[in-house]
Amino acid sequence: MIRSVVRGTGAALPRRIMKNADFEGMVETSDEWIAQRTGIRQRHIAADDETTASLGEAAARAALDNAGLTPDDIDLIVLATSTPNNTFPATAVDIQNRLGMHHGFAFDLQAVCSGFVYAVTTADLYIRGGLAKRVLVIGSETFSRILDWSDRSTCVLFGDGAGAMVLEAGEGTGSIADRGVLAGSLRSDGTHKDKLFVDGGPSTTGTVGYLRMEGREVFKHAVGMITDVIEATFSAAGITAEDLDWFVPHQANKRIIDASAKKLGIAEQKVVVTVDLHGNTSAASVPLALSVAVADGRIKKGDLVLLEAMGGGFTWGAVLVRW
Ligand SMILES: CC(C)(COP(=O)(O)OP(=O)(O)OC[C@H]1O[C@@H](n2cnc3c(N)ncnc32)[C@H](O)[C@@H]1OP(=O)(O)O)[C@@H](O)C(=O)NCCC(=O)NCCS
């Protein structure tokens, strides 16, 4: 059977690093409050010339280099983002053009912070359905552009960045010993749409809007939702937490990551954490964390890796991949 195998990963971050202490003169907060409640110590913030498209392009080039491929080898680009350069065309098409790629097809996918997990699942279906052989899956965001910089309950939490992965069709036997995407579970429930949203849009206000969040409400639902889709994924693959080599969760809050890992019985040393360095970069957070753990040698060929995310909507999901 066809499996979607990871060929390479890459990342790109804006030049400017903003530390927690840099907020102290802007809103009533402290490095201590932010670090204790979230685990975040710094985030990268895009300059005017750094956009979702430019960061996405840089991450895509890094993933292609890592895979030993060129844009000519790619059939499809799926970009997960909630902060596109324009309302339309899709930023994926902009990235396609920046890469000098004038064949194949490209589209954006919007599932907020769960975007990358949704995008990997989507790319896997295109590959297994025979519509594409090699897919560039990108998560790229510039959440700094939709933050209300006077709202301390949200502006300290997010950052900008991009991560990318190349998936390629490979042969598998249908067992979980195969390399590639093995199982997953996606969910959404719009009854929670007002707990984390942007208060503008083309069809309502005609403006871009600002991110609004009931942080405590999001926190309350997060662990249960995350662990539900992970348990569904474990059951689909016939594995337990002990079989995992690495857990690469969405990087929103260290307390949510720790509580989820604890509830699932995933050992602390198997959890990849980058929220301290990047803050919450929404759809970019999982591929950014992945590229850090691949680059430093933790994630290796043959490892069983679990990706997970939860975000506005709510949307949530998990994907199990053998590297
Ligand atoms: C946002 C979050 C860190 C807040 O932590 P918390 O422990 O729930 O804190 P609370 O919301 O209960 O707020 C406690 C107090 O801190 C204050 N506070 C909020 N932001 C603050 C900040 N940056 N600095 C200092 N104080 C702050 C609140 O106003 C509140 O004050 P009050 O008690 O006088 O009303 C936490 O709820 C969270 O992480 N939620 C999930 C958010 C998330 O992950 N979103 C993305 C999902 S993809």
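In the nomenclature of an unreviewed UniProt entry, the protein chain corresponds to Beta-ketoacyl-[acyl-carrier-protein] synthase III from the organism Mesorhizobium tianshanense. Quoted verbatim from the Sequence similarities (unreviewed entry) field of the UniProt record, the comment on the protein chain reads "Belongs to the thiolase-like superfamily. FabH family." Regarding the protein chain, the relevant UniProt record gives this comment under Pathway (unreviewed entry): "Lipid metabolism; fatty acid biosynthesis."

Chemist: Looking at this model, I keep getting lost on the domain arrangement of the protein chain. Mind explaining?
Modeler: Often the size quoted for an interface is simply the accessible area lost on bringing the parts together. Split into domains, the protein chain comes out as domain 1 (2–171) and domain 2 (180–322). Taken over C-alpha atoms, the centre of domain 1 sits 14 Å from the centre of domain 2. At the interface, 52 residues of domain 1 touch 47 residues of domain 2. Between domain 1 and domain 2, the buried area comes to about 3600 Å², and carbon and sulfur atoms account for 66% of it. Of all residues in domain 1, the largest losses of buried area upon contact with domain 2 belong to Cys113, Val117 and Ile146, amounting jointly to 17% of the total for that side. Joining domain 1 to domain 2, the criterion identifies one salt bridge. A salt bridge links aspartate 148 to arginine 212, with the nearest nitrogen and oxygen atoms 2.9 Å apart. Here the side of domain 1 that touches domain 2 takes eight residues from strand β1 (residues 2–12), the largest share from any one element. Residues that form the side of domain 1 that touches domain 2 fall into these classes: 23 nonpolar, 20 polar and nine charged.

Chemist: Would you mind showing me how to read the sheet that holds strand β11 (residues 246–249) here?
Modeler: Whether parallel or antiparallel, the strands of a sheet pair through hydrogen bonds between backbone atoms. Spatial ordering of the open sheet is given by β8-β13-β12-β11, a layout of four strands whose pairing is mixed. Either end of the sheet is taken by a strand with one partner, and the two such strands are β8 (180–188) and β11. Strand-to-strand twist across the sheet, computed as the mean angle between neighbouring axes with direction ignored, equals 10 degrees. By the bridge criterion, four bridges tie β11 to strand β12 (residues 304–311) in an arrangement that is parallel. Of the residues in β12, the one forming a bridge with tryptophan 246 is valine 305.

Chemist: Before we go on, may I ask you to explain the site of the ligand in this structure?
Modeler: In the vicinity of the ligand, 24 residues are found, and the nearest of them are Thr29, Arg37, Arg152, Arg216 and Asn253. One of the backbone nitrogen or oxygen atoms of glycine 215 is found 2.9 Å away from a nitrogen atom of the ligand. Its free accessible area being 960 Å², the ligand has 75% of it covered by the protein chains. The biggest single contributor to the shell around the ligand is helix α6 (residues 215–237), with four residues. For the shell around the ligand, the per-class residue count stands at 11 nonpolar, eight polar and five charged.

Cut-offs applied
- Residues numbered from 1 in each chain as written.
- Predicted model: local features only at pLDDT ≥ 70, side-chain atom pairs only at ≥ 80, totals over all residues.
- Heavy atoms only, no water.
- UniProt positions renumbered as here; feature names shortened; annotations may be inferred.
- Domains from an automatic or database assignment.
- Contact = heavy atoms within 4.5 Å.
- Buried area = accessible area lost by both parts, 1.4 Å probe.
- Salt bridge = Lys/Arg side-chain N within 4 Å of Asp/Glu carboxyl O.
- Helix = DSSP H or I, 4+ residues; strand = E, 2+ residues; numbered from the N terminus.
- Nonpolar A, V, L, I, M, F, W, Y, C, P; charged D, E, K, R; others polar.
- Pairing = 2+ DSSP bridges.
- Axes fitted to C-alpha atoms, helices over the stretch in contact; angles between N-to-C directions.
- Near = heavy atom within 4 Å.
- Polar contact = N/O pair within 3.5 Å; in protein donor to acceptor, adjacent residues only side chain to side chain.
- Areas by Shrake-Rupley, 256 points an atom, 1.4 Å probe, with all protein chains shown as cover.

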